[in-house]
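Chains, contacts and geometry: an overview
Here are the chains, one letter per residue:
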Number of protein chains: 2
Amino acid sequence: MNSCSKPAPNQEHLASVSEFRRDPLNGGWVIIATERGKRPSDFGSVRNERKPGPCVFCSGHEWETPPEVLAFRSPESTPDAPGWTVRVVPNKYAAVGINARLDRNMDNLFDSMTGIGMHEVVIETPDHDANLCDLSVDHIASVLAAYQDRARVMMDDVRIEYVQIFKNWGSVAGASQEHSHAQIIGLPIVPRFVNEQIQCAQAHRTATGRCLLCDIVREELARKDRIVKATTDFVAIAPYASRFPFEVHICPRRHESDFIDASEELLHGMARILKEVLFGLRIALIDPPFNFMIQTRPRVAPGGRWSHPDEFHWHLEIIPRLTQVAGFEWGTGFYINPTPPEQAAQFLRDVLIPIQLVGQS
Amino acid sequence: MNSCSKPAPNQEHLASVSEFRRDPLNGGWVIIATERGKRPSDFGSVRNERKPGPCVFCSGHEWETPPEVLAFRSPESTPDAPGWTVRVVPNKYAAVGINARLDRNMDNLFDSMTGIGMHEVVIETPDHDANLCDLSVDHIASVLAAYQDRARVMMDDVRIEYVQIFKNWGSVAGASQEHSHAQIIGLPIVPRFVNEQIQCAQAHRTATGRCLLCDIVREELARKDRIVKATTDFVAIAPYASRFPFEVHICPRRHESDFIDASEELLHGMARILKEVLFGLRIALIDPPFNFMIQTRPRVAPGGRWSHPDEFHWHLEIIPRLTQVAGFEWGTGFYINPTPPEQAAQFLRDVLIPIQLVGQS
């Protein structure tokens with residue numbers, strides 16, 4: 001058996017059609033296809049398959065969940081019975097629990113900590129079949145208010161350093177229940193992704209005195225090509241270094257540090273743009289599986305000091321789950337994105353304009 | 001509509017059955033279920049569905065790929081024709097290409113770089129239906145030698161700072177072709193995950209004067225409970241802070257910095273343990289989708305100086321893809337792993353022992 005090694009590869013197959021982009025928010029890199037970007041129809045096989053209800057999250061099945069910790073319900077209704085629009089319950093299969101001492105242990109090279117924290121589920125609607133973007137703006141605003149209320153309760157516990165609010169829609173996106181819901185996990189450690197964002201924000205603030213995301217928002221509004229939608233209070237951006245096709249970040253236009261401090265009016269504005277963006281993604285990508293995460297200011301910053309309101313600007317990140325994360329991403333922490341965000345923004349704008357014309361926004 | 005917020009959640013559903021563990025290799029955290037860990041049969045629905053061949057990677061279809069850059073083939077055969085056992089070709093759909101100037105650009109907040117690099121495919125067998133672990137130890141050793149040969153060629157280009165070798169097996173793991181293959185991407189930037197490992201290794205070396213992974217290997221061998229398999233030259237470990245159920249790392253027992261410097265004898269030892277571990281995973285999890293990645297020493301370390309041979313210890317990381325990565329992971333960079341590595345190691349040992357008894361190892 002011989003080794004037959006040729007000096008040079010055939011270069012015609014290696015045309016350079018991609019670009020490395022550094023994510024200004026966290027310092028990570030993505031490789032973005034700059035030619036022949038994948039269009040929505042190229043992801044045609046990723047669809048949410050839905051089973052009919054009722055399920056444990058449906059109205060009338062309240063006894064199948066742990067007792068509610070928060071509900072928005074009609075005055076004549078009683079807890080853990082029908083009559084609610086949004087309902088929050090402890091997660092029956094919690095990743096972390098609150099009934100333990102927070103022990104931090106070290107065993108030679110191996111550090112651990114008791115799995116302390118809180119893990120709750122926000123059931124966003126009593127209707128099994130509703131998609132979050134089908135709900136009214138007022139209803140979505142109350143969903144956001146429920147996220148906020150429970151995050152605030154969790155942050156009242158001094159052991160909790162960060163609250164991660166996230167939504168999984170579709171089994172491909174990790175949802176074990178199809179009924180529209182989100183999850184809230186209070187953690188005793190600040191997540192590494194949040195730390196990375198703070199480190200980048202700190203470097204920018206040291207250099208310029210300004211908030212990094214405020215500057216990004218201003219710059220994107222001036223350039224326009226990655227703007228999906230702009231309202232009075234918010235802007236939806238296909239971020240410069242999008243890790244995933246059709247990734248969208250929704251950011252308050254003015255500096256807002258902490259999601260739990262957002263006013264009722266701001267949450268209403270958020271509900272409006274969130275409904276529209278999710279509706280646009282549903283139309284463009286035919287009800288794709290997705291995750292969204294609300295990224296907000298942690299209690300402490302890297303190094304252990306209290307975080308400063310200038311060094312975080314809360315926002316919501318939506319990632320449609322159209323591509324598989326594979327060995328390259330798991331080895332490097334870099335991402336390969338086949339759809340340039342400029343094209344994604346254009347597609348979504350094209351979908352959203354007719355919706356506005358018929359007055360559905 | 002009323003807000004009905006109760007003072008305390010029902011705690012019985014929040015029993016603390018998990019533990020936060022810090023990954024000594026990279027500083028990340030995982031949440032590991034320490035009670036009622038998921039057993040292999042709990043992941044029953046994740047299977048590789050395979051379509052019959054032939055495909056573009058099959059023997060007799062060489063004209064459907066770009067011309068080969070390396071092949072191990074019989075002396076009487078000719079390039080790009082049958083007669084090979086392992087064949088390397090440029091990736092037809094390369095994420096990066098080598099025919100461009102390496103331009104580094106800055107446009108206000110937005111840094112970019114031309115998508116320069118090399119992207120090749122290692123076709124590991126001419127047989128469409130073979131699983132890597134079906135091949136002989138000699139054949140697997142020649143697959144590893146092909147990885148190494150091409151990684152060396154890529155590192156000869158001064159623009160390349162790191163070579164990521166990875167394998168995707170099964171569509172769920174991101175494989176677009178079912179025929180057994182791996183990919184090699186030469187990158188002009190050191191991946192963030194590699195930088196994180198170097199930073200942890202540097203801190204350990206500064207504190208102790210020793211290699212971090214050497215110490216981990218020694219410690220795991222002494223404890224035994226996370227050892228899947230140990231041979232003269234290698235150890236297969238279910239790592240302390242496994243991100244995924246049944247994650248396995250295969251590490252050289254003695255300090256080996258760079259995969260491209262591994263001796264032929266060492267690659268043979270690697271082939272032997274890799275075959276056995278992959279075979280064990282196939283039996284225990286019924287041919288699961290998986291990724292593996294070879295993590296090795298980069299050209300430069302964080303800060304821009306040359307990397308030092310003491311601060312990296314190459315190894316291979318195998319991650320079966322049994323669970324979905326969801327909003328929590330995308331928001332935090334933390335992982336929730338339902339199977340403690342101690343249990344995973346026990347399951348895999350239980351599977352591997354009978355194989356040894358009948359002499360198949």
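Computed from a prediction, not measured in an experiment: that's the story for all the values here.

**So, the relation of the copies chain A and chain B**
- Here chain A sits on chain B after a turn of 180° about the axis and a move of 0.0 Å along it, with an RMSD of 0.0 Å. Such values leave the two copies arranged in the relation of a two-fold axis. Closest approach to the rotation axis within chain A is made by the C-alpha atom of A:Val325, at a distance of 4.5 Å.

**A short note on the sheet that holds strand β16 (residues 335-337) of chain A**
- With mixed pairing, five strands are arranged side by side in an open sheet as β16(A)-β3(A)-β2(A)-β7(B)-β6(B). With partners counted over all chains shown, the strands left at the sheet margins are β16 of chain A together with β6 (104-107) of chain B, one partner each. Pairwise comparison of adjacent strand axes, ignoring direction, gives a mean angle of 25° for this sheet.

**So, the interface of chain A and chain B**
- On the side of chain B, 84 residues touch chain A, which itself brings 84 residues to the contact.
- Across the side of chain A that touches chain B, the residue classes tally to 45 nonpolar, 27 polar and twelve charged.
- Two strands pair when backbone bridges link them, and strand β7 (residues 110-114) of chain A and strand β2 (residues 18-22) of chain B are joined in this way by three bridges, in the antiparallel orientation. What sits directly across from A:Met113, in β2(B), is B:Phe20.

**Section: the environment of B:Val325**
- Here B:Val325 shows up in the loop between β15 (315-320) and α5 (327-332).
- With 20 C-beta atoms counted inside 10 Å, the residue B:Val325 sits in the buried group.
- When residues no more than four places from it in sequence are discounted, the contact partners of B:Val325 are A:Gly174, A:Val325 and B:Trp330.

**Side note on the confidence of the model for chain A**
- Within chain A, residue pLDDT values average 90, and 92% of them lie at 70 or more.
- Here residues 1-16 of chain A is modelled with pLDDT under 50, and outside its nearest four sequence neighbours on either side it reaches 38 contacts, counting other chains as well.

**A word on the packing of helix α1 (residues 137-155) of chain B against helix α4 (residues 264-285) of chain B**
Residues and elements named next belong to chain B.
- Two elements in contact, α1 and α4, have axes whose closest approach is 8 Å; the angle formed by their N-to-C orientations is 120°. By the angle class used here, α1 and α4 are oblique. With respect to the hand of their crossing, α1 and α4 are arranged in right-handed fashion. Across the interface between the two elements, Val137, Ile140, Ala141, Leu144, Ala145 and Gln148 from α1 touch Leu267, His268, Met270, Ala271, Arg272, Leu274 and Lys275 from α4.
- By residue class, the composition of the contact of α1 with α4 is nine nonpolar, two polar and two charged.

**Here's the deal with the domain arrangement of chain A**
Residue and element names in this part refer to chain A.
- Here the domain parsing of chain A yields domain 1 (16-48 + 191-357) and domain 2 (62-187).
- Taking the mean C-alpha position of each, domain 1 and domain 2 sit 23 Å from one another.
- Contacts between domain 1 and domain 2 engage 27 residues on the former and 25 residues on the latter.
- Of all the secondary-structure elements, those providing two or more residues to the side of domain 1 that touches domain 2 are α4 (264-285) and β14 (290-295).
- No other element matches the ten residues that α4 contributes to the side of domain 1 that touches domain 2.
- Split into classes, the residues belonging to the side of domain 1 that touches domain 2 amount to 19 nonpolar, three polar and five charged.

**Some details on the sheet that holds β2(B)**
- With respect to topology, five strands assemble into an open sheet ordered β6(A)-β7(A)-β2(B)-β3(B)-β16(B), the strand pairing being mixed. Of all strands in the sheet, those bounded by a partner on one side alone are β6 (104-107) of chain A together with β16 (335-337) of chain B. Neighbour-to-neighbour, the strand axes of the sheet open up by a mean angle of 25°, direction not taken into account.
- Sheet topology places β6(A) next to β7(A); four bridges connect them, and they run antiparallel. When the bridges of β7(A) are listed, A:Arg104 appears paired with A:Met113.

**Some remarks on the pairing of strand β3 (residues 29-33) of chain B**
All names here are of chain B.
- A large share of β3 lies buried, amounting to five of its five residues.
- Relative to β3, β2 is paired through five bridges, and the arrangement is antiparallel. Looking at the pairing, Phe20 lines up with Ile31 of β3.
- With antiparallel pairing between neighbouring strands as the criterion, β2 and β3 make up a hairpin whose turn holds six residues, including Gly27 at a positive phi of roughly 80°.
- Note: β3 against β16, three bridges, orientation parallel. Following the sheet pairing, Val30 is matched in β16 by Tyr335.

**Here we look at unusual backbone geometry**
- With an omega of 0°, the peptide bond running from A:Gly53 to A:Pro54 counts as cis.
- Here A:Pro54 shows up in the loop between β3 (29-33) and β4 (70-73).
- Phi at B:Asp80 takes a positive value of approximately 55°, unusual for a residue other than glycine.
- Structurally, B:Asp80 is set in the loop between β4 (70-73) and β5 (84-90).
- For B:Asp80, a count of 17 C-beta atoms within 10 Å gives the class partly exposed.
- With phi around 50°, B:Asp287 is a residue other than glycine that occupies positive phi space.
- With respect to the helices, strands and loops of the structure, B:Asp287 is situated in the loop between α4 and β14 (290-295).
- A residue is classified by how many C-beta atoms lie within 10 Å of it, and B:Asp287, with 17 of them, is partly exposed.

The rules we used
- Residues numbered from 1 in each chain as written.
- Chains lettered and ligands numbered in written order.
- Predicted model: local features only at pLDDT ≥ 70, side-chain atom pairs only at ≥ 80, totals over all residues.
- Least-squares fit on C-alpha atoms with pLDDT ≥ 70 in both.
- Pairing = 2+ DSSP bridges.
- Helix = DSSP H or I, 4+ residues; strand = E, 2+ residues; numbered from the N terminus.
- Axes fitted to C-alpha atoms, helices over the stretch in contact; angles between N-to-C directions.
- Contact = placed C-beta atoms within 7 Å.
- Nonpolar A, V, L, I, M, F, W, Y, C, P; charged D, E, K, R; others polar.
- Buried ≥ 20, exposed ≤ 12 C-beta atoms within 10 Å, placed from the backbone.
- pLDDT = per-residue confidence, 0-100.
- Parallel < 35°, antiparallel > 145°, perpendicular 65-115°, else oblique.
- Left-handed = near helix turned anticlockwise from the far one by under 90°.
- Domains from an automatic or database assignment.

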